[in-house]
Amino acid sequence: MQRIMLRAKIHRASVTQCDLNYEGSCGIDEELLEAADIKPFEKIELYNVNNGERFSTYAIKGKRGSGEISLNGAAARLAHLGDLLIICTYAPMSDEEIATYQQKIVFVDDNNRMTGLKK
């Protein structure tokens, strides 16, 4: 049996840009993508701490070191600048994998700079 388990999370990142006219996706600072082991075009789930919206899209690379968290296309309607997001990825895992897997949880400051990593 496979269970869907949390694989990675960027915790309480601030929205820095919303662009309705972009094709869709969420731009994430490349440093944060690497720290969380989220790949470009990977499906992500987003949870808006400010308004309770929950939605999914895919990740794209934002400028390295910029602190960018940009919502594009329809997702831009689900948050405002400065809203806090929890960004997650999940993966199917067997009980054997679950026993040894360590999720990657990236903590950020008010400027979306990494302050800690829990593995």
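Residues numbered from 1 in each chain as written. Predicted model: local features only at pLDDT ≥ 70, side-chain atom pairs only at ≥ 80, totals over all residues. Heavy atoms only, no water.

Colleague: Describe the nonpolar core, naming the residues involved and giving the relevant values.
Modeller: Nonpolar side chains in soluble globular proteins tend to end up buried together. Counting residues in each nonpolar core, the largest one holds 23 residues, and the members touching the most others are Ile10, Ile28 and Leu71. Elements with a minimum of two residues in this core: β1 (2-14), β3 (25-29), α1 (30-36), β4 (43-48), β5 (54-62), β6 (69-72), β7 (84-94) and β8 (104-108). Sort the elements by how many residues they give to this core and α1 lands first, with four residues. Apart from residues no more than four positions distant in its own chain, Ile28 is found in contact with Ile10, Leu33, Ile44, Ala59, Ile60, Lys61, Gly62, Glu68, Ile69 and Ile87. (Core = buried A, V, L, I, M, F, W, Y, C linked by side-chain atoms within 4.5 Å. Buried < 20%, exposed > 50% of the residue type's maximum accessible area, 1.4 Å probe, protein only. Helix = DSSP H or I, 4+ residues; strand = E, 2+ residues; numbered from the N terminus. Contact = heavy atoms within 4.5 Å.)

Colleague: Before we move on, could you go through the pairing of strand β9 (residues 114-118) and cite the residues and values that matter?
Modeller: Strand direction decides the pairing type here: β8 and β9, joined by four bridges, are antiparallel. The residue bridging Phe107 from the neighbouring strand is Gly116, located in β9. What sits between the antiparallel neighbours β8 and β9 is a turn of five residues, in which Asn112 has the positive phi angle 60°. (Pairing = 2+ DSSP bridges.)

Colleague: Lay out the packing of aromatic side chains in plain terms, naming residues and giving numbers.
Modeller: Tallied over the full model, the rule gives one aromatic pair. Aromatic pair Phe41 and Tyr58: ring centres 5.8 Å apart, planes at 25°, arrangement stacked. Of this pair, Phe41 sits in the loop between α1 and β4 while Tyr58 sits in strand β5, placing them 17 residues apart in sequence. (Phe/Tyr/Trp six-rings, centres within 6.5 Å; stacked < 30°, edge-to-face > 60°.)

Colleague: Talk me through the pattern of salt bridges; I want residue IDs and the actual numbers.
Modeller: Under the defined criterion, the tally for this structure stands at eight salt bridges. Arg7 serves as the salt-bridge partner of Glu42, at 2.8 Å between the closest nitrogen and oxygen. Separated by 35 residues along the polypeptide, Glu42 in the loop between α1 and β4 and Arg7 in strand β1 bring together distant segments of the chain. Arg7 carries the same exposure label as Glu42, and that label is buried. (Salt bridge = Lys/Arg side-chain N within 4 Å of Asp/Glu carboxyl O.)

Colleague: Account for the environment of Tyr47, with residues named and values stated.
Modeller: Counting through the fold element by element, Tyr47 comes out in strand β4. What makes Tyr47 buried here is its relative accessible area of 14%. Residues Tyr47 and Thr100 lie 53 residues apart in sequence; the distance between their C-alpha atoms is 26 Å. Separated by 2.8 Å, the side chains of Tyr47 and Tyr90 make a polar contact. (Polar contact = N/O pair within 3.5 Å; in protein donor to acceptor, adjacent residues only side chain to side chain.)

This is a description of form; function is not addressed.
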